[in-house]
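Below, each chain spelled out in residue letters.
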Amino acid sequence: MKSKKSLGRIIWTLLFGITLLTIIVMLVCSYASTKKLLTDRNRLSQQSAVNALVASNDTLQNSTEKELEELANSSVFKQNKYDSKAIRQGLNMARKGNTQWIHIHFGSTKGEMITFNKLPTGYDPRTRPWYTGALNDDGQIFWTTPYKSTDTGKMQTTAAVTVKNSQGQVIGVLGIDLSYDNLAKTI
């Protein structure tokens, strides 16, 4: 009778151990597969977020370049005689039509700056990176590296292009300051 009790106890312990081991293996496998699934989903989510940011940035740059080229080739700049008043009116109309632009400005080859925001005394657009970069990339859109605006304290960039009159002479550089606020909202 004692051998039956000890054999029953061994079988009971063995069954309990196998059951416990099975439960532990199932929990570990479930944990591992759930972790892998969540990691994969997170990676896919990150990839789609990056793709959305790249697409948003490309759309912003492409639309800005198109509008900048159209504005630089508009009749406001193609007159025989330089007319700062007509340029100011043309830029004013253009800036009211776009909410993504922070500033629009035109710097002439003589150092005159046409803009709608206050500038420090003695400001010479010909010394600015957007102006010199556009002159060096004659005919191409020049993009500055992103920088922090002194006006708003937010990140922005400037797209600029040289402007020629009806005789093909460079009369200045047209620039548009763009905010990264929409990209920040997407992020």
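The structure under discussion appears in the preceding block.
A brief look at the structure comes next.

Conventions and cut-offs
- Residues numbered from 1 in each chain as written.
- Predicted model: local features only at pLDDT ≥ 70, side-chain atom pairs only at ≥ 80, totals over all residues.
- Heavy atoms only, no water.
- Helix = DSSP H or I, 4+ residues; strand = E, 2+ residues; numbered from the N terminus.
- Buried < 20%, exposed > 50% of the residue type's maximum accessible area, 1.4 Å probe, protein only.
- Salt bridge = Lys/Arg side-chain N within 4 Å of Asp/Glu carboxyl O.
- Contact = heavy atoms within 4.5 Å.
- 1 Å grid on protein atoms, 1.4 Å probe; cavity = no way out; pocket = protein on both sides within 12 Å on 5 of 7 lines; lining within 4 Å.
- Points joined across faces, edges and corners; volume = space filled by probe spheres on them.
- Nonpolar A, V, L, I, M, F, W, Y, C, P; charged D, E, K, R; others polar.
- Patch = residues over 30% accessible without salt bridge, like charges linked within 9 Å, V, L, I, M, F, W, Y side chains within 5 Å.
- Areas by Shrake-Rupley, 256 points an atom, 1.4 Å probe, with all protein chains shown as cover.
- Core = buried A, V, L, I, M, F, W, Y, C linked by side-chain atoms within 4.5 Å.
- Pairing = 2+ DSSP bridges.

## Looking at the environment of glutamine 46
- With respect to the helices, strands and loops of the structure, glutamine 46 is situated in helix α1 (residues 2–72).
- For glutamine 46, a relative accessible area of 48% translates into the label partly exposed.
- Separated by 14 residues in the primary sequence, glutamine 46 and leucine 60 have C-alpha atoms spaced 21 Å apart.

## Considering the pattern of salt bridges
- For the structure on display, the rule yields three salt bridges.
- Across the pair lysine 36 and aspartate 40 runs a salt bridge whose closest N-O atoms are separated by 3.1 Å. A residue pair is termed a helical-turn pair when its members lie 3 or 4 positions apart in one helix, as lysine 36 and aspartate 40 do in helix α1 at four residues.
- Look at lysine 36 and you get exposed, because its relative accessible area is 53%.
- We note a salt bridge from arginine 43 to aspartate 40, for which the minimum N-O separation is 2.6 Å. Separated by three residues within a single helix, arginine 43 and aspartate 40 lie in helix α1, roughly one turn from each other.
- For arginine 43, a relative accessible area of 42% gives the class partly exposed.

## Topic: helix α3 (residues 129–136)
- Within α3, the full set of buried residues consists of Trp130, Tyr131, Gly133 and Ala134.
- At its buried positions, α3 is contacted by β1 (101–108), β2 (113–114), β3 (142–143), β5 (155–164) and β6 (170–179).

## With respect to empty space enclosed by the protein
- If you walk through the whole model with that rule in mind, you get one cavity of 30 Å³ or more.
- As a volume, the largest cavity reaches approximately 40 Å³.
- Considering the residues around the largest cavity, the lining is formed by Asn57, Leu60, Gln61, Trp143, Thr157, Leu178, Ser179 and Tyr180.
- Secondary-structure elements contributing two or more residues to the lining of the largest cavity are α1 and β6.
- The greatest single-element share of the lining of the largest cavity, amounting to three residues, is contributed by α1.
- Broken down by class, the residue content of the lining of the largest cavity amounts to four nonpolar, four polar and no charged.

## Quick look at a nonpolar patch on the surface
- Residues Trp12, Phe16, Leu20, Ile24 and Val28 make up a contiguous nonpolar surface patch of about 550 Å² in total accessible area.
- By secondary structure assignment, the location of leucine 20 is in helix α1.
- A relative accessible area of 41% places leucine 20 in the partly exposed class.

## Some points on the layout of surface pockets
- Approximately 410 Å³ is the volume attributed to the largest pocket.
- Along the walls of the largest pocket sit 21 residues, with Tyr123, Arg128, Tyr147, Thr150 and Asp177 positioned nearest its centre.
- Among the elements of the structure, β1, α3, β4 (147–148) and β5 are those that each provide at least two residues to the lining of the largest pocket.
- Of the residues assigned to the lining of the largest pocket, the class counts are seven nonpolar, nine polar and five charged.

## Considerations on the nonpolar core
- In this structure, Leu68, Phe77, Leu91, Ile104, Phe106, Val163 and Leu174 are the most contacted members of the largest nonpolar core, which totals 21 residues.
- Once residues within four sequence positions are removed from consideration, leucine 68 is found in contact with Ile141, Ala159, Ala160, Val161, Leu174 and Ile176.
- Ranked by size, the runner-up nonpolar core spans six residues in total, among them Met113, Tyr131, Ala134 and Ala160.

## As for the pairing of β5
- Within β5, eight of the ten residues are buried, leaving the element largely enclosed by the surrounding structure.
- Inspection of the sheet shows β3 paired to β5 by two bridges, in the antiparallel sense. Bridge pairing in β5 places phenylalanine 142 opposite alanine 160.
- One ladder, built from two bridges, connects β4 with β5; its direction is antiparallel. Opposite lysine 148, over in β5, you have methionine 155 as the bridge partner.

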